[in-house]
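The lines below spell out each chain.
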Amino acid sequence: MNSFGSSTPRAGAPVGAVRRRAVVDALRRGAVPESGLDLLATGLSRFEQAVDEELGTVAAGGSVFKAVRGEYGSGKTFFTRWLGERAKRRTFAVAEVQVSETETPLHKLETVYRRLTERLTTASFPPSALRPVADAWFYALEEDALADGAAESELPQAVERLLTARLAEVSRQAPAFATALRGYKQSLDAGDEATAAAVMAWLGGQPHVAAAARRSAGVRGDLDHFGAFGFLQGLLTMLKDAGHAGLVLVLDEVETLQRVRSDARDKALNALRQLIDEVHSGRFPGLYLVITGTPAFYDGQQGVQRLAPLAQRLATDFTTDPRFDNPRAVQIRLPGFTEESLTGLGATIRDLYADGVSSPGSAERIKRLADDAYLADLARAVGGALGGKVGVAPRLYLKKLVGDVLDRIDQFDDFDPRRHYKLTLGSGDLTATERNLAAPSAATSADDLDLDL
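Residues numbered from 1 in each chain as written. Predicted model: local features only at pLDDT ≥ 70, side-chain atom pairs only at ≥ 80, totals over all residues. Heavy atoms only, no water.

Our next topic: the environment of Thr111. For Thr111, the position within the fold is in helix H4 (residues 109–119). Look at Thr111 and you get buried, because its relative accessible area is 8%. Linking Thr111 and Asp224, residues 113 residues apart in sequence, is a C-alpha distance of 8.6 Å. Once residues within four sequence positions are removed from consideration, Thr111 is found in contact with Glu103, Thr104 and Pro105. (Helix = DSSP H or I, 4+ residues; strand = E, 2+ residues; numbered from the N terminus. Buried < 20%, exposed > 50% of the residue type's maximum accessible area, 1.4 Å probe, protein only. Contact = heavy atoms within 4.5 Å.)

Before going further, it helps to spend a moment on empty space enclosed by the protein. Evaluated as defined, the whole model comprises 1 cavity of 30 Å³ or more. Approximately 100 Å³ is the volume attributed to the largest cavity. As for the largest cavity, its lining consists of Leu109, Val112, Tyr113, Leu116, Ala228, Phe229, Leu232, Leu249 and Leu275. Among the elements of the structure, H4 and helix H11 (225–241) are those that each provide at least two residues to the lining of the largest cavity. When residues in the lining of the largest cavity are grouped by element, the largest group, 4 residues, is from H4. Classifying every residue of the lining of the largest cavity by side-chain character gives 9 nonpolar, no polar and no charged. (1 Å grid on protein atoms, 1.4 Å probe; cavity = no way out; pocket = protein on both sides within 12 Å on 5 of 7 lines; lining within 4 Å. Points joined across faces, edges and corners; volume = space filled by probe spheres on them. Nonpolar A, V, L, I, M, F, W, Y, C, P; charged D, E, K, R; others polar.)

Turning our eyes to something else, we now look at unusual backbone geometry. Between Pro127 and the following residue, Ser128, the backbone shows a cis peptide bond with an omega angle of -10 degrees. The residue Ser128 is located in the loop between H4 and helix H5 (130–147) in this model. The phi dihedral of His208 falls on the positive side, at around 60 degrees, and the residue is not glycine. Residue placement: His208 occurs in the loop between helix H9 (193–203) and helix H10 (211–217).

This part is about the pairing of strand E4 (residues 287–293). Burial analysis of E4 places 7 of its 7 residues in the buried class, the great majority of the element. The side-chain alternation of E4 yields two buried faces, one formed by Leu287, Leu289, Ile291 and Gly293 and the other by Tyr288, Val290 and Thr292. Pairing of strand E1 (residues 64–69) with E4, which is carried by 6 bridges, proceeds in the parallel orientation. Bridging across to E4, Ala67 finds its partner in Ile291. The pairing of strand E3 (residues 247–252) with E4 spans 5 bridges and is parallel. Across the sheet, residue Val248 finds its bridge partner in E4, namely Tyr288. (Pairing = 2+ DSSP bridges.)

Moving on: the nonpolar core. In terms of nonpolar packing, the biggest core is built from 74 residues, with Leu247 and Leu251 touching the most fellow members. Of all the elements, H11 adds the most residues to this core, at 8 residues. Counting 58 residues, the second-largest nonpolar core is a separate cluster that includes Phe78, Tyr353, Leu396 and Ile409. (Core = buried A, V, L, I, M, F, W, Y, C linked by side-chain atoms within 4.5 Å.)

Next up on the list: the sheet that holds E4. In spatial order, the strands read E2-E3-E4-E1-E5; together these 5 strands make up an open sheet with parallel pairing. Both outer strands of the open sheet, strand E2 (93–98) and strand E5 (331–333), are each paired with one neighbouring strand and no more. The average undirected angle you get between the axes of adjacent strands in this sheet is 20 degrees. Packed onto the sheet, helix H2 (residues 45–59) meets E1, E3, E4 and E5 and runs at close to 140 degrees relative to E4. (Axes fitted to C-alpha atoms, helices over the stretch in contact; angles between N-to-C directions.)

Helix H3 (residues 76–88) packs onto H2 with a crossing angle of 50 degrees between their chain directions and a minimal axis gap of 11 Å. By the angle class used here, H2 and H3 are oblique. The chirality of how H2 crosses H3 is right-handed. Between H2 and H3, the contacting residues are Phe47, Glu48, Val51, Asp52 and Leu55 on the first element and Phe79, Trp82, Leu83, Arg86 and Ala87 on the second. Each residue belonging to the contact of H2 with H3 can be placed in one class, and the counts come to 7 nonpolar, no polar and 3 charged. (Parallel < 35°, antiparallel > 145°, perpendicular 65-115°, else oblique. Left-handed = near helix turned anticlockwise from the far one by under 90°.)

This next bit is on the packing of aromatic side chains. Under the defined criterion, the tally for this structure stands at 9 aromatic pairs. Look at Phe229 and Phe284: their rings are 5.9 Å apart centre to centre, the planes differ by 20 degrees, and that puts the pair in the stacked class. Of this pair, Phe229 sits in helix H11 while Phe284 sits in the loop between helix H12 (262–281) and E4; the two residues are 55 residues apart in sequence, bridging distant segments of the chain. Pair check on accessibility: Phe229 and Phe284 agree, each one buried. Each ring, one from Phe297 and one from Tyr298, has its centre 5.2 Å from the other, and the planes form 65 degrees; the classification is edge-to-face. Residues Phe297 and Tyr298 agree in their burial class; the two are buried. Clustering of aromatic rings is evident, with ring pairs tying together Tyr113, Phe177, Trp202 and Phe231. Of note, Lys185 hangs over the ring of Phe138, and the distance from its end group to the ring centre comes to 5.8 Å. (Phe/Tyr/Trp six-rings, centres within 6.5 Å; stacked < 30°, edge-to-face > 60°. Lys NZ or Arg CZ within 6 Å of the ring centre and 35° of its normal.)

Glancing now at the pairing of E3. With 6 of 6 residues buried, E3 lies mostly within the body of the structure. Side chains of E3 alternate between two faces, with Leu247, Leu249 and Leu251 and Val248, Val250 and Asp252 buried alike. Sheet topology note: the E2/E3 ladder contains 6 bridges and is parallel. Residue pairing for E3: Gln98 is matched across the bridge by Asp252. Note on the crossover from E3 through H12 to E4: the handedness is right-handed. (Right-handed = clockwise from strand over helix to strand, strands pointing away.)

Everything listed is a geometric property; what it means functionally is a separate question.
Below is the structure:
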């Protein structure tokens, strides 16, 4: 089994050219596609039922926390984007935030909230969907006010009463959220677009918003760590009232915490513990929070194990056969790729690519020259170039397959990959982790490791 997809699409189901092209273009760049992940569906079906049940819990007003564990290359980013696509089909909003020491330190939740709003997306709106969500919320308030019998002349007052009632719980923790929303609506109604945009930026946690806009909205200062919790509550309230089932928030690459200074690491781990506790306490109805990390982060003394209360919350038994892992557990593991599953994924991509070429002859030639035997040979070659670590090979394998093999078969009638192509790995092809694995000999000290710092 691999960890690069969900259940397979229905046999013969048509695939739109735009979706196919987006997937193939991303793989050619060596990136995980932003959408269309169901087209690569070959192995996450074991998680489908649990994920759907948890999304149902969140849509009903609950909240869920999930930790995803996997080595580099096991498909953690793919899994979370697959989950996000699944959630969007159920009217969830989704935000994927990359944790990093410099750009998004986890111990500064105001920064995490800001990145969340910058990356917020829905089925209808790309990032940032914060303003469309706010506009849809005000429209919903107006519709509710009219349904309650308010006359057109009384609409502003009726909307104000509904705003106060809907954000009552939020206002106890972060009164500035409701105040800023009022300021935003007043600026819109007055035709002052510049102020409205500035106030919306402040609501999104952006610093350095013009003082005049903040004064106009009746707020001051910038969002802080504790205010971020209240603003997240407010965002969830708006999403629900605007017709969304909830929010899937992904905190990706949390293992980067292991590389920060010890004081910042301790603060970040405690912030994560606090966030998990708030989710479990019911403070964030409508939130599905996901973190991703390597086994070293969950099990090592520089990660979760450094903070005993956090380790207790994430403790999961992985001593049994992976076949019997519990998909409902707080922590789930992605087993990574084998040569067989990598070859199967290559066949899925080859067929997807061939179905999108212009001529039947070219499609036939692609499937004949890049047959399953060749795909297996390429998988072995890529894995061998990475020190035999097939489990970390998917990104590079797919990049080489699409850009170096399939594209050439499609464009050159006399190109035969077995005769005219030999796998080469330049430094520009490899990430830091892949470069270390591809080194001629194993690193014997920290000085031997090639790191991106």
